[in-house]
Amino acid sequence: MDYASPIVGNEGTRRLLLGNEAVARGALEAGIQIATAYPGTPSSEIADTLSKVAREFGLYMEYSVNEKVAVEVAAGAAVCGARALVSMKHVGLNVAADTLMTLAYVGVKGGFVIVTADDPSAWSSQNEQDNRYYALLANIPCLEPSSPQDAKDMLLYGFSLSEQLELPVMLRLVTRVSHMRGVVTFGQIQEKKSCKVEFPKDPQRFVMVPANARVRHVVLLEKMSSALKISEKSDFNRIVGRGRIGVVTSGASFNYCMESLALLGMKASVLKLGIIHPLPARLISNFVRRHNPIIIVEELEPYLELQVKALSRAAYNIPLYGKFDSLLPRHGELSTRKVVSALSRILHKSPSIDFDKIDAEASKAEKLAPSRPPVLCPGCAHRAAFYALKVAAGNRAIYSTDIGCYALGAQPPLSIGDILICMGSSVGLAGGIGKVVDDPVIGVVGDSTFFHASIPGLINAVYNSHKFVCVVLDNQTTAMTSFQPHAGTGITGMGEQVKPILIENIAKACGVEFVRVVDPYDLKLAISTVREALQHPAPSVIIFRRLCSILDLQTKRRKGEKIPQYRVEESKCNRCMACIKLLACPAILVAEGKVFIEETLCVGCGICAQICPMHAIAKVGETN
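Residues numbered from 1 in each chain as written. Predicted model: local features only at pLDDT ≥ 70, side-chain atom pairs only at ≥ 80, totals over all residues. Heavy atoms only, no water.

Draft legend 1. The sheet that holds strand β2 (residues 34-37), seen in detail. The strand order β3-β2-β4-β5-β7-β6-β12 describes an open sheet built from seven strands, whose pairing is mixed. Unpaired on one side and paired on the other, β3 (60-63) and β12 (275-277) mark the two borders of the sheet. Here two bridges tie strand β6 (residues 142-143) to strand β7 (residues 169-174), and the two strands are oriented parallel to one another. Counterpart to Cys 142 in the pairing with β7 is Met 170. Of the strands in this sheet, β4 (84-89), β5 (112-118), β6, β7 and β12 touch helix α6 (residues 148-165), which is tilted by about 165° from β7. (Pairing = 2+ DSSP bridges. Helix = DSSP H or I, 4+ residues; strand = E, 2+ residues; numbered from the N terminus. Contact = heavy atoms within 4.5 Å. Axes fitted to C-alpha atoms, helices over the stretch in contact; angles between N-to-C directions.)

Laid out in structure tokens, this is it:
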């Protein structure tokens, strides 16, 4: 049988999967009934993989408008007894936290697992926050896998644990586990739960007014006491290897530890913690007493270190090393090299590998590779919109920008982006900046981000008479995370066609009086519209709408349409480099002092032809 999805296969099948794909497979084996998500790297493949097989396996999948809503939709199903999965990147949990904190009090009936994918080193994020603390704060069990097989197995266990305790359970991934590939052995796919799914009317449990909340807090604490007993006996908390030295670790850090010990030729007992909240206190205390020294290896914050030290008060004479000794950093991803270096300092043993020699070879290779800074794609409509903003508002304007591929506009020469904090913040920030400065203020936000978290900011701006221009870059997809649909696209996570929600209608409903929809490829109209909006005495909204150039290119190729090409007429080009200096389109190159357009990259947007002062750029087959 030919399966299109890598996660589809019979029991016993072994397949090389991403960590995120392994989570999706685990969801099928757990027999979930509902999956929700807001896409965000490094978590996106979980929802994307489930979206493609949802119909085949009879589960409901949706890309929710934001993470808070995703948790609420999944929680609504779970309190009725259905198994529900919700996935998001680490900062998404900040958005969902309000619901999650009290959901822990209310509890669930069906299994509820929330997957958070942390991003040490902030490869595709605005911060490196350590979401293990959210499990501690909400007081819910947390599991941390170190491989794709671990991820699948722990997800399955998470649903059982959730139903046993009637609590939400967190599965914490990091980038190196989400995007690691490993062999995963498939288990049996469970039938959907046969028990009746219904809402259990129980106001004392589900209505969190103060009198009920105080009672449910005690219930939560009692459940976590039970979770502690489970953690003490769990096979996910186990000792690997044997030696006088003791290493305490979890998640991806376990892999670095094992490789480092092998490189150093050292024998050690490694306590691999799979349940990281609640930590198995007795297991840890006994482990600490029997080993010397103790070394704690973990990424980001000293989450384990603080608790291991607290749990090992009676064994304070045993040396215990970690981040407070500055052996390992509290920022960025760990690596085998960092762990080897830390162990070498503690154990006074040199590694068999010469890192300096590797550095020297790497340095030689780096010199051969061309510099490839991240840039907007050829033909990206955002580039045209930014050019229009720059011409109309200039450098004096203050640009608050947002989370999405358009954040690349902050780089020269476009330089549209003076402040960026989090999803949807550009609108609120623009309102605040506009209240205290006289310069023009422009808030830039993408279409998916507008639906995610910008609407309250826009309502606030209208009601409180803020003055700024809100520019919505509508490329009709969630481009940054692989083109997931959103409320404005007219398609759902199940692949159904629905009526799209138009951003201009929302803006008008919020009370905005100046609302315009403009094609950014029409530079003349785009510039004049920005200038008009800047004169408006209240908040104004301009929606620059043009399909993402990658999707547009894919569509044209599928239809067999010819892709127009542009070229530089050398006889007219005076080499002023305006096309290079003002647009920075990767399709426009310079060789031996001459400007030319790389035909394999040009998508025929024609923006360069509109800005060339010498009219030296023309469509192939046409002349200016």
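Draft legend 2. Representation of the nonpolar core in the model. Core analysis: the biggest nonpolar cluster contains 86 residues, and Leu 85 and Phe 112 have the highest contact counts within it. Sorting elements by how many residues they give to this core places α6 first, with seven residues. Not counting the four nearest positions on each side in its chain, Phe 112 is found in contact with Val 71, Ala 74, Ala 75, Ala 78, Ala 84, Val 86, Leu 103, Phe 159, Ser 162, Leu 167, Pro 168 and Val 169. The next biggest cluster of nonpolar side chains, apart from the first, holds 73 residues, and it includes Phe 514, Val 515, Ala 526 and Val 541. (Core = buried A, V, L, I, M, F, W, Y, C linked by side-chain atoms within 4.5 Å. Buried < 20%, exposed > 50% of the residue type's maximum accessible area, 1.4 Å probe, protein only.)

Draft legend 3. Structural detail: the pattern of salt bridges. The full count for this structure, using the stated rule, is 29 salt bridges. Of the charged contacts in the structure, one is a salt bridge between Arg 545 and Asp 474, with a shortest N-O distance of 2.7 Å. In this pair, Arg 545 sits in strand β19 (residues 540-545) while Asp 474 sits in strand β17 (residues 469-474), placing the two residues 71 residues apart along the sequence. Relative accessible area serves as the criterion here: at 21%, Arg 545 is assigned to the partly exposed category. (Salt bridge = Lys/Arg side-chain N within 4 Å of Asp/Glu carboxyl O.)

Draft legend 4. Representation of the environment of Lys 349 within the structure. Structurally, Lys 349 can be placed in the loop between α13 (336-347) and α14 (355-368). As a C-alpha pair, Lys 349 and Asp 98 span 251 residues in sequence and 48 Å in three-dimensional space. Excluding residues within four positions of it along the chain, Lys 349 makes contact with Leu 264, Gly 265, Met 266 and Ser 344.

Draft legend 5. Just the sheet that holds strand β18 (residues 514-518), in detail. Taken in spatial order, the five strands line up as β15-β16-β17-β19-β18 in an open sheet, and their pairing is parallel. The sheet is open, and its two edges are formed by β15 (398-400) and β18, each paired on a single side. Looking at each pair of strands side by side, their axes are set apart by 20° on average, direction ignored. Pairing of β18 with β19 involves five bridges; the strand directions are parallel. Bridging across to β19, Val 515 finds its partner in Val 541. Where helix α17 (residues 447-463) meets the sheet, its contacts fall on β16 (441-446), β17 and β19, and the angle it forms with β16 comes to roughly 135°.

Draft legend 6. Structural detail: the environment of His 179. With respect to the helices and strands, the residue His 179 is situated in the loop between α7 (175-178) and β8 (181-185). For His 179 and Pro 148, which are 31 residues apart along the polypeptide, the C-alpha to C-alpha distance reads 9.0 Å. When sequence neighbours within four positions are dropped, the list of residues in contact with His 179 reads Leu 18, Asn 20, Thr 41, Pro 42 and Glu 45.

Draft legend 7. Region of the structure containing the packing of aromatic side chains. Scanning the entire structure with this criterion turns up four aromatic pairs. Between Tyr 133 and Tyr 303, the ring centres sit 5.4 Å apart and the planes meet at 80°, which makes this aromatic pair edge-to-face. Separated by 170 residues along the polypeptide, Tyr 133 in helix α5 (residues 132-138) and Tyr 303 in helix α12 (residues 303-311) bring together distant segments of the chain. Residue Tyr 303 is classed as buried on the basis of its relative accessible area of 1%. With centroids separated by 5.9 Å and ring planes inclined at 80°, the aromatic side chains of Phe 450 and Phe 451 adopt a geometry described as edge-to-face. (Phe/Tyr/Trp six-rings, centres within 6.5 Å; stacked < 30°, edge-to-face > 60°.)

Draft legend 8. Structural context of the packing of helix α4 (residues 92-106) against helix α9 (residues 210-233). The interhelical angle for the contact between α4 and α9, taken along N-to-C directions, is 80°, at an axis separation of 7 Å. As far as their axial angle goes, α9 and α4 are roughly perpendicular. Residue-level contacts link Ala 104, Tyr 105 and Val 106 of α4 to Ala 213, Arg 216, His 217 and Leu 220 of α9. For the contact of α4 with α9, a count of residues per class yields five nonpolar, one polar and one charged. (Parallel < 35°, antiparallel > 145°, perpendicular 65-115°, else oblique. Nonpolar A, V, L, I, M, F, W, Y, C, P; charged D, E, K, R; others polar.)

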